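Listed below, chain by chain, are the residues.
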Amino acid sequence: MGEDPDSTQPRPPRYLRTLLQALRSSSEPLQQETALRAAESLIRSQPVDLSEVCQELAKVLLHLSDASGLPELPALRHRALVALAVSCPAPVAQYLTAEFYSPHYSLRQRTDILEVLSAAALELARPHGTRLAEVGVASLHPSTPSPFRPWEEEVRERLKAKTRIIARGPRHPPPPPTPSRFAPVAGQFFFPLLAGFEQATPTLDLLGRDCLLLGALLHTLGVLMQAATHAPIAPSMAVALLDFVWALRYHSSVCVQQGVLFALGMLLASAPAHSLLASMEGSLAETGHWLRDVCVDDADEQCRHLASHALSLLDSTVKESQSS
């Protein structure tokens, strides 16, 4: 009789520490694969010791090698990390944002961190118990099309909704905002990412050779800003993000320009109009002129599109403030 193939198939781990051990078993690729496939569901089951091991598990997942040749590895790793960031947002965000500027990571790993933070923030901002249908691992770069970016589609729809509501005026009182699990931790996701961007190291130079990652960082900050809509800390986030994008608005890289315009659009869509206009009091007219110039003169179609959208939101924000 032949050997039962199921008898050689490792069983999925039922405990977090067993999961950690299996994920570290690089010499046992089948065991590692089985563990990775089980990781997301095990994490989302909220084991009692999750808070104790969440940072260590995030570290193991972030460093998991693609050497096994498993095609689904990036997506499985991403979903497990998002599950961790949603289940233990404060400690996992603390770990990931600190590691983003660590000198010991590749650009791919840093991009993974940004994608996880974006997807987790949007899931936390949704009503409890709902999840993004699919979250994948494509580039955060605004001009990169991908079927694995539903969170960007959601953000785009929110932007359109705000523009329509302001333009037509509300026919009925708006529903009260849904309590957000992201609001209490928004600052822990957001502010550490702004802390070290000017510091060049041998492995990271956002203002120089790694400008593509700077564009992705801007895009992530915009997504985090949108996820923080109605959060008490949103006005402070808006001021910091406005200063950041304003300093980079004439960057020579197209990907950075796209990130600046995307982040500005998110800022205009989500920050309270009165506090936003107070922050922009000295630069409101200049911002409008700059956006109009980009709409007309920029050689990049995506930049022109993003600038047009941001300009529409800026006009809507001014009208909203005047009518309130």
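Residues numbered from 1 in each chain as written. Predicted model: local features only at pLDDT ≥ 70, side-chain atom pairs only at ≥ 80, totals over all residues. Heavy atoms only, no water.

Student: What's the story with helix 5 (residues 89-100) in this structure? I'm lost.
Tutor: For helix 5, with twelve residues, the first-to-last C-alpha span of 16 Å sits near the 16 Å given by 1.5 Å per residue. Looking at the buried residues of helix 5, the elements they touch are helix 3 (50-62), helix 4 (73-87), helix 6 (107-125), helix 8 (186-195) and helix 9 (211-227). (Helix = DSSP H or I, 4+ residues; strand = E, 2+ residues; numbered from the N terminus. Expected span 1.5 Å × (residues − 1). Contact = heavy atoms within 4.5 Å.)

Student: Just checking my understanding: could you explain the packing of helix 4 against helix 6 for this structure?
Tutor: For any two helices packed against each other, the geometry comes down to the angle between their axes and how far apart the axes lie. Their axes nearest at 9 Å, the elements helix 4 and helix 6 cross at an angle of 50°. The pairing of helix 4 with helix 6 is recorded here as oblique in orientation. When you trace helix 4 past helix 6, the crossing you get is right-handed. Judged by residue contacts, Arg-77, His-78, Leu-81, Val-82, Ala-85 and Val-86 of helix 4 engage Asp-112, Glu-115, Val-116, Ala-119, Ala-120, Glu-123 and Leu-124 from helix 6. In terms of residue class, the contact of helix 4 with helix 6 is built from eight nonpolar, one polar and four charged. (Axes fitted to C-alpha atoms, helices over the stretch in contact; angles between N-to-C directions. Parallel < 35°, antiparallel > 145°, perpendicular 65-115°, else oblique. Left-handed = near helix turned anticlockwise from the far one by under 90°. Nonpolar A, V, L, I, M, F, W, Y, C, P; charged D, E, K, R; others polar.)

Student: How should helix 6 be read in this particular structure?
Tutor: Every α-helix carries 3.6 residues per turn, so stepping three or four residues along brings you back to the same face. With 19 residues, helix 6 extends 27 Å between its outermost C-alpha atoms, agreeing within 8% with the 27 Å of an ideal straight helix rising 1.5 Å per residue. Of all 19 residues in helix 6, 17 are buried; the element is thus mostly enclosed. (Buried < 20%, exposed > 50% of the residue type's maximum accessible area, 1.4 Å probe, protein only.)

Student: For this particular structure, what's the right way to read the packing of aromatic side chains?
Tutor: The geometry of an aromatic ring pair comes down to the distance between the two centres and the angle between the two planes. Within the structure shown, the criterion is met by five aromatic pairs. Relative to Phe-191, the ring of Phe-190 lies with its centre 5.1 Å away and its plane at 90°, an arrangement referred to as edge-to-face. The exposure class of Phe-190 is buried, given its relative accessible area of 0%. Owing to a relative accessible area of 29%, Phe-191 belongs among the partly exposed residues under this scheme. Taking the centre distance of 6.3 Å and the plane angle of 85° together, the rings of Trp-246 and Trp-290 count as edge-to-face. Of this pair, Trp-246 sits in helix 10 (residues 234-248) while Trp-290 sits in helix 13 (residues 284-297), and the two are 44 residues apart along the sequence. Given the relative accessible area of 21%, Trp-246 is considered partly exposed. (Phe/Tyr/Trp six-rings, centres within 6.5 Å; stacked < 30°, edge-to-face > 60°.)

Student: Even after reading the chapter, I still don't get the pattern of salt bridges, so can you show me in this structure?
Tutor: It is possible for side chains of opposite charge to pair when their charged atoms get near one another. Under the criterion given, the structure shown has 14 salt bridges. For Glu-33, the salt bridge identified is with Arg-37, shortest N-O distance 3.1 Å. Placement of both Glu-33 and Arg-37 in helix 2 (residues 29-44) is noted, with a separation of four residues, approximately one turn of the helix. Exposure remark for Arg-37: the relative accessible area of 41% places this residue in the partly exposed category. Of the charged contacts in the structure, one is a salt bridge between Asp-210 and Arg-209, with a shortest N-O distance of 3.9 Å. (Salt bridge = Lys/Arg side-chain N within 4 Å of Asp/Glu carboxyl O.)

Student: Would you mind showing me how to read the confidence of the model for the protein here?
Tutor: Detailed reading of the predicted coordinates is not advisable wherever pLDDT falls low. Confidence along the protein averages 84 in pLDDT terms, with 81% of residues attaining 70 or more. Predicted confidence is poor over residues 1-5, with pLDDT under 50, and the contacts of this stretch with residues over four places away or in other chains come to one contact. Counting interchain partners and residues more than four positions distant, the pLDDT-below-50 stretch residues 133-151 has 45 contacts. (pLDDT = per-residue confidence, 0-100.)

Student: How should I be thinking about the nonpolar core in this particular structure?
Tutor: Nonpolar side chains in soluble globular proteins tend to be buried together. Counting 102 residues, the largest nonpolar core has Leu-84, Phe-182, Phe-189, Leu-217 and Phe-244 as the members making the most contacts within it. Discounting chain neighbours no more than four positions away, the residues touching Phe-189 are Ala-85, Pro-89, Ala-93, Thr-97, Leu-117, Ala-120, Ala-121, Leu-124, Phe-182 and Leu-224. (Core = buried A, V, L, I, M, F, W, Y, C linked by side-chain atoms within 4.5 Å.)

Student: For this particular structure, what's the right way to read the packing of helix 5 against helix 8?
Tutor: At their nearest, the axes of helix 5 and helix 8 sit 9 Å apart, and the two run at 10° to each other. By the angle class used here, helix 5 and helix 8 are roughly parallel. On helix 8, the residues touching Pro-89, Ala-90, Ala-93, Thr-97 and Phe-100 of helix 5 are Gln-188, Phe-189, Pro-192 and Leu-193.

Student: Could you clarify how one ought to interpret the side chain of Asp-298 in this entry?
Tutor: When you line up the elements, Asp-298 lands in the loop between helix 13 and helix 14 (301-323). Here Asp-298 is in contact with Gln-257, Asp-293, Cys-303 and Arg-304, once residues within four sequence places are set aside.

Student: Would you mind going over unusual backbone geometry with me for this structure?
Tutor: Trans is the prevailing form of peptide bonds, just as negative phi is the prevailing case for residues other than glycine. At Gln-46, a residue that is not glycine, the phi angle is positive and equals roughly 55°. Within the fold, Gln-46 resides in the loop between helix 2 and helix 3. Backbone geometry places His-230, a non-glycine residue, at a positive phi of 75°. Relative to the assigned elements, His-230 resides in the loop between helix 9 and helix 10.

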